[in-house]
Amino acid sequence: MKHLLLAIVAASLGFITLTVTRAQATGDAAPIRVAIAGMAHGHVEGFFQHALHRPDIQIVGIAEPDRQLAAKYAAKFGLDQSLLFSDLEDMLRKTHPQAVLAYTDTYDHRRVVEICARYGVHVMMEKPLAVSAEDAHAIEAAARHGKIQVLVNYETTWYRSNRAAYDLVHDQSIGEIRKFVAHDGHQGPQEIGVGPEFLAWLNDPKLGGGGALYDFGCYGADLITWLMDGRRPATVTAVTQQIKPNLYPRVDDEATVILTYPRAQAILQASWNWPFDRKDIEVYGQTGYVLTVRHDDVRVRLKGKDEQQIAAKPLPPPYDDSLAFFSAVIRGQVSPDGPSSLETNVVVAEILDAARRSAASGTSIPLSQ
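1. A few points about the confidence of the model for the chain
Per-chain confidence: the chain averages 93 in pLDDT, with 92% of residues scoring 70 or above. Contacts of residues 1-26 to residues separated by more than four positions or lying in other chains number 24 contacts, the stretch itself having pLDDT below 50.

Structure (structure tokens):
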């Protein structure tokens, strides 16, 4: 275990040296010109609370067709009325942003990317990438044609515990992956009090893709695809339920997805029925396991050793923050890889699409390799 900890520390120090060098080289860079597309996703409130006045970004426009919704946020956060537009394309023409942050429903992601691609504007949206594999491939094609970067923001991308798990897998500390289990979700969007505009589309299978399956199944699908170096599973099998049809009459609120790989299995447990919020994973290899403990810690057990809980090392910038990472990708300072990458999330979209079809048909769905 001591050898393992030293390896983690050494790897982290090397990572820090690399990113500090990059940061020093761009310390005086002008802020990225950023625009907002949509306000229907509740995470936009977190952006306004914590990032509205960041020195590394400049907000140049906000496109939201719902004037009442736009007025609500403008009043709450003191937004200048000159920033507000009702049409995305009109905003892009008049404000010339370098990047767009999408806070729309998931169905609208394809439209946002296709419009932004025509103007050469990079996009980062809230998870998941798309409501279908078809839309995901269209987004991929638009990004390629427009030569833009498209990233997907997951809260779990910035967890130091997940990075520690990834490192333990890839330095062969626990051997080849044999089983992966993801637990993601909370008590339910209505139960935790999300805003009415957010709840409306989470309850709409067209706009959200599904209920808990899409809202939280994407986390586990994203992390296992990252851990498996982008490989698609051979088969996808899913069961969904409506445990609370009185609250969620149109979408599932409980989902379990089983992915098979040639020498491994992944189980994704997505739920709007947990007694509390959770986002944690279990990774079992041939010779040990690593379990994440919320954001910052991991529990590790190796063959012949007792389990130990370890504080994962802090992630160095820009890998510790979604906006910093997006800016670094736009400037060409880092590669657009990892859990937020478009390549990874096209596979995630294929997994979720297959899971939805599997639950509807009661059969396993093969994925083409």
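There's more to say after this.
2. Section: the nonpolar core
Counting residues in hydrophobic clusters, the biggest one holds 86 residues, and the most contacted among them are Leu129, Val150, Phe180, Leu259 and Val283. Of the residues forming this core, the biggest block, 11 residues, is contributed by helix H11 (residues 212-227). If sequence neighbours within four positions are ignored, Leu129 has contacts with Thr106, His109, Ala136, Ile139, Val150, Val152, Leu342, Asn345 and Val346.

3. A closer look at the sheet that holds strand E6 (residues 150-153)
On the basis of which strands lie adjacent, the open sheet formed by 6 strands has the order E3-E2-E1-E4-E5-E6 and parallel pairing. The sheet is open, and its two edges are formed by strand E3 (84-85) and E6, each paired on a single side. Bridge count for strand E5 (residues 122-126) against E6 is 4 bridges, and the pairing is parallel. Bridging across to E6, Met125 finds its partner in Val152. Across the sheet, helix H12 (residues 322-330) lies against strand E1 (32-37), strand E2 (57-63), strand E4 (99-102), E5 and E6, angled at about 155° from E5, the strand it touches most.

4. Quick notes on the pattern of salt bridges
One pass over the full model with this rule turns up 23 salt bridges. In this structure, the salt-bridge partner of Lys72 is Glu197, at a minimum N-O distance of 3.4 Å. Taken together, the positions of Lys72 in helix H3 (residues 67-77) and Glu197 in helix H9 (residues 196-202) put the pair 125 residues apart, joining distant regions of the chain. Taking the relative accessible area as the measure of exposure, Glu197 reaches 18% and is therefore buried. Note that Asp277 and Arg294 form a salt bridge whose closest N and O atoms lie 3.8 Å from each other. In this pair, Asp277 is assigned in the loop between strand E10 (264-271) and strand E11 (278-285) and Arg294 in the loop between strand E12 (288-293) and strand E13 (297-302), connecting sequence segments 17 residues apart.

Conventions we followed
Residues numbered from 1 in each chain as written. Predicted model: local features only at pLDDT ≥ 70, side-chain atom pairs only at ≥ 80, totals over all residues. Heavy atoms only, no water. pLDDT = per-residue confidence, 0-100. Contact = heavy atoms within 4.5 Å. Core = buried A, V, L, I, M, F, W, Y, C linked by side-chain atoms within 4.5 Å. Buried < 20%, exposed > 50% of the residue type's maximum accessible area, 1.4 Å probe, protein only. Helix = DSSP H or I, 4+ residues; strand = E, 2+ residues; numbered from the N terminus. Pairing = 2+ DSSP bridges. Axes fitted to C-alpha atoms, helices over the stretch in contact; angles between N-to-C directions. Salt bridge = Lys/Arg side-chain N within 4 Å of Asp/Glu carboxyl O.

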